[in-house]
Each structure stands twice: as C-alpha cells, then as structure tokens.
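# Fold and contact review
What follows is each chain in one-letter form.
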Amino acid sequence: MTTRGVLYVHSAPRALCPHVEWAIAGVLGTRVGLDWIRQPAAPGTWRSEFSWQGQAGIASKLASALRGWQMLRFEVTAEPSAGHEGERYSCTPALGIFHAVTGVHGDILIPEDRLRAALARARGGETELEGEIAKLLGKPWDDELETFRHAGEGAPVRWLHQVV
C-alpha cells in the first residue's frame with residue numbers, strides 16, 4: 001500500500017542541510033535536492049518542505065533518519081491508507097521526538113493503554129491529568145513549533161516520490 005505525506009524541516013543550520021538531504025535520499029532511495037529558504041524565526045537557520053509518496057512506514061523511517069541531530073526541528077506526516085492509520089512525528093532539540101497516530105480527519109488517536117497510564121500517574125500524584133493529556137496530544141511540541149510553522153507560510157513545496 002502506498003501513502004503520501006509531508007516532511008517539514010522547520011529549521012536547520014546551513015551546514016546540516018546537505019546531511020538532511022542525504023538522510024532523506026537514503027530512506028527514499030533516490031537523489032534529493034531540497035529548496036532551502038531562510039527561516040526568519042531562527043536567524044542563521046534554513047527551512048524546507050516537500051511532499052512525498054511511498055510505502056506505508058516511510059514517515060517513521062524519515063523521522064528515525066533525522067532524529068539524531070540536535071539542532072534540527074522537523075515534522076513528518078503520513079496520511080492514512082488502506083490498512084494503516086496516519087502518523088505525525090514532531091521533533092525539537094529541547095523536547096526530542098513526538099509520535100502520534102492520526103485518523104482520517106487528522107485527529108490524534110490515543111491508545112487506551114497510554115490513557116490509562118496517564119490516569120494512573122495523575123491519580124498517584126506524579127503529575128496533573130491536564131499536563132499528561134497535553135503531552136499525549138503533542139501540545140509542548142506544537143507550542144514550540146508554532147512560530148516556525150507560521151514563518152514558513154507561503155514556502156514552496158516540492159513533490160518527491162519513492163523509487164523502488
């Protein structure tokens with residue numbers, strides 16, 4: 001089954017840009033040359049985004065390939081396809097990586113075991129339930145990335161297709 005999605009590189013130092021392209025190329029199995037533009041939300045960094053199409057599971061492979069670089073902010077999305085839910089990955093230097101399963105309308109679907117664990121932590125006095133739910137929904141990542149998302153409005157998008 002094929003799916004499609006978008007990779008948003010919200011900010012990367014200039015020296016890291018070719019490494020990001022090589023990592024993406026390694027996942028997609030084809031040469032990648034992104035159109036980089038300056039990221040006004042973080043002077044001295046660059047941003048890019050592109051849409052991709054490939055087998056289900058590509059989003060997780062892209063996120064894994066990019067997650068190790070401390071100065072990189074990115075998001076990867078994958079649309080639901082036959083037999084597969086959608087996915088969203090968000091990554092920031094301060095928070096690390098966030099993963100959520102998404103439904104056909106883009107809503108985050110939280111597995112019941114994660115909800116039960118959040119309730120247990122809140123009942124045990126470890127945390128507040130509101131904070132636990134915010135983490136399950138990716139709110140800390142959304143809060144940190146919102147400035148970078150807004151700064152990218154109107155940026156060009158390039159379509160890439162997996163060649164296998």
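What counts and how
- Residues numbered from 1 in each chain as written.
- Predicted model: local features only at pLDDT ≥ 70, side-chain atom pairs only at ≥ 80, totals over all residues.
- Heavy atoms only, no water.
- Helix = DSSP H or I, 4+ residues; strand = E, 2+ residues; numbered from the N terminus.
- Rg over C-alpha atoms; globule rule 2.2 N^0.38 Å.
- Buried < 20%, exposed > 50% of the residue type's maximum accessible area, 1.4 Å probe, protein only.
- Contact = heavy atoms within 4.5 Å.
- Areas by Shrake-Rupley, 256 points an atom, 1.4 Å probe, with all protein chains shown as cover.
- Lys, Arg positive; Asp, Glu negative; His and termini not counted.
- Charge placed at Lys NZ, Arg CZ, Asp CG, Glu CD.
- Phe/Tyr/Trp six-rings, centres within 6.5 Å; stacked < 30°, edge-to-face > 60°.
- Lys NZ or Arg CZ within 6 Å of the ring centre and 35° of its normal.
- Polar contact = N/O pair within 3.5 Å; in protein donor to acceptor, adjacent residues only side chain to side chain.
- Salt bridge = Lys/Arg side-chain N within 4 Å of Asp/Glu carboxyl O.
- Expected span 1.5 Å × (residues − 1).
- Patch = residues over 30% accessible without salt bridge, like charges linked within 9 Å, V, L, I, M, F, W, Y side chains within 5 Å.
- Axes fitted to C-alpha atoms, helices over the stretch in contact; angles between N-to-C directions.
- Left-handed = near helix turned anticlockwise from the far one by under 90°.
- Nonpolar A, V, L, I, M, F, W, Y, C, P; charged D, E, K, R; others polar.

The next point concerns the overall build of the chain. When helices and strands are counted, the chain shows 5 helices and 8 strands. For the chain, the succession of helices and strands along the chain, N to C, is β-α-β-β-α-β-β-β-β-α-α-α-β. The C-alpha atoms of the chain give a radius of gyration of 17 Å, which matches the 15 Å a tight globule of 164 residues would have. For the chain, the spread of C-alpha atoms along the three principal axes comes to 50 × 40 × 25 Å. Buried residues in the chain amount to 40% of all 164 residues. Long-range pairs, those at least 24 residues apart, make up 63% of the contacts in the chain with a sequence separation of at least 6. Accessible surface, the chain as shown: approximately 8900 Å² in total, 54% of it carbon and sulfur. Looking at charge distribution, the chain has the averaged site of its 17 positive side-chain charges lying 6 Å from that of its 19 negative ones.

Summed over the entire model, instances satisfying the criterion amount to 1 aromatic pair. Directly above the aromatic system of Trp 46 lies the positively charged group of Arg 14, at a separation of 4.3 Å from the ring centroid.

As a further point, take the side chain of Gln 39. On the secondary structure map, Gln 39 appears in the loop between β2 (37-38) and β3 (45-55). Relative accessible area serves as the criterion here: at 1%, Gln 39 is assigned to the buried category. Reaching out from Gln 39, the side chain makes a polar contact with the backbone nitrogen of Ala 41 at a distance of 3.0 Å.

Evaluation of the coordinates by the stated rule reveals 12 salt bridges. The shortest N-O distance in the salt bridge between Arg 4 and Glu 79 comes to 3.0 Å. Taken together, the residues span a long stretch of sequence, with Arg 4 in strand β1 (residues 2-13) and Glu 79 in the loop between β4 (73-78) and β5 (86-92) at a distance of 75 residues. Take Glu 79: its relative accessible area is 38%, and that puts it in the partly exposed class. For Arg 73, the salt bridge goes to Glu 144, with nearest N and O atoms at 3.8 Å. With Arg 73 in strand β4 and Glu 144 in helix α5 (residues 139-151), this pair connects stretches of sequence that are 71 residues apart. For Arg 73, a relative accessible area of 18% translates into the label buried. With relative accessibility at 22%, the residue Glu 144 sits in the partly exposed group. Salt bridges sharing partners connect three or more residues here, namely Glu 75, Arg 88, Asp 142, Glu 146 and Arg 149.

Looking now at helix α1 (residues 17-28). Three or four residues apart is the spacing at which side chains of an α-helix point the same way, because the helix has 3.6 residues per turn. With 12 residues, α1 should reach 16 Å at 1.5 Å per residue; the first-to-last C-alpha distance of 17 Å fits that figure. Along α1, the residues that are buried comprise Cys 17, Val 20, Glu 21, Ala 23, Ile 24, Ala 25, Val 27 and Leu 28. One or two steps after α1, the chain reaches Gly 29, where phi turns positive at roughly 75 degrees.

We now examine the environment of Ala 94. Position of Ala 94 among the secondary structure elements: in the loop between β5 and β6 (96-102). The class of Ala 94 is exposed, set by a relative accessible area of 64%. Remark: the alpha-carbon pair of Ala 94 and Arg 73, spanning 21 residues in sequence, is separated by 9.6 Å.

Looking now at a nonpolar patch on the surface. Judged by side-chain polarity, Leu 119, Leu 129, Ile 133 and Leu 137 come together as a nonpolar surface patch covering roughly 270 Å² of accessible area. Along the chain, the position of Ile 133 falls in helix α4 (residues 129-136).

Contact geometry of α1 with helix α2 (residues 58-66) gives a least axis separation of 9 Å together with a crossing angle of 145 degrees. For the element pair α1 and α2, the recorded crossing hand is right-handed. Side by side, α1 and α2 meet where Val 20, Ala 23, Ile 24, Val 27 and Leu 28 of the first sit next to Ile 58, Lys 61, Leu 62, Ala 65 and Leu 66 of the second. Along the lines of polarity and charge, the residues of the contact of α1 with α2 split into 9 nonpolar, no polar and 1 charged.

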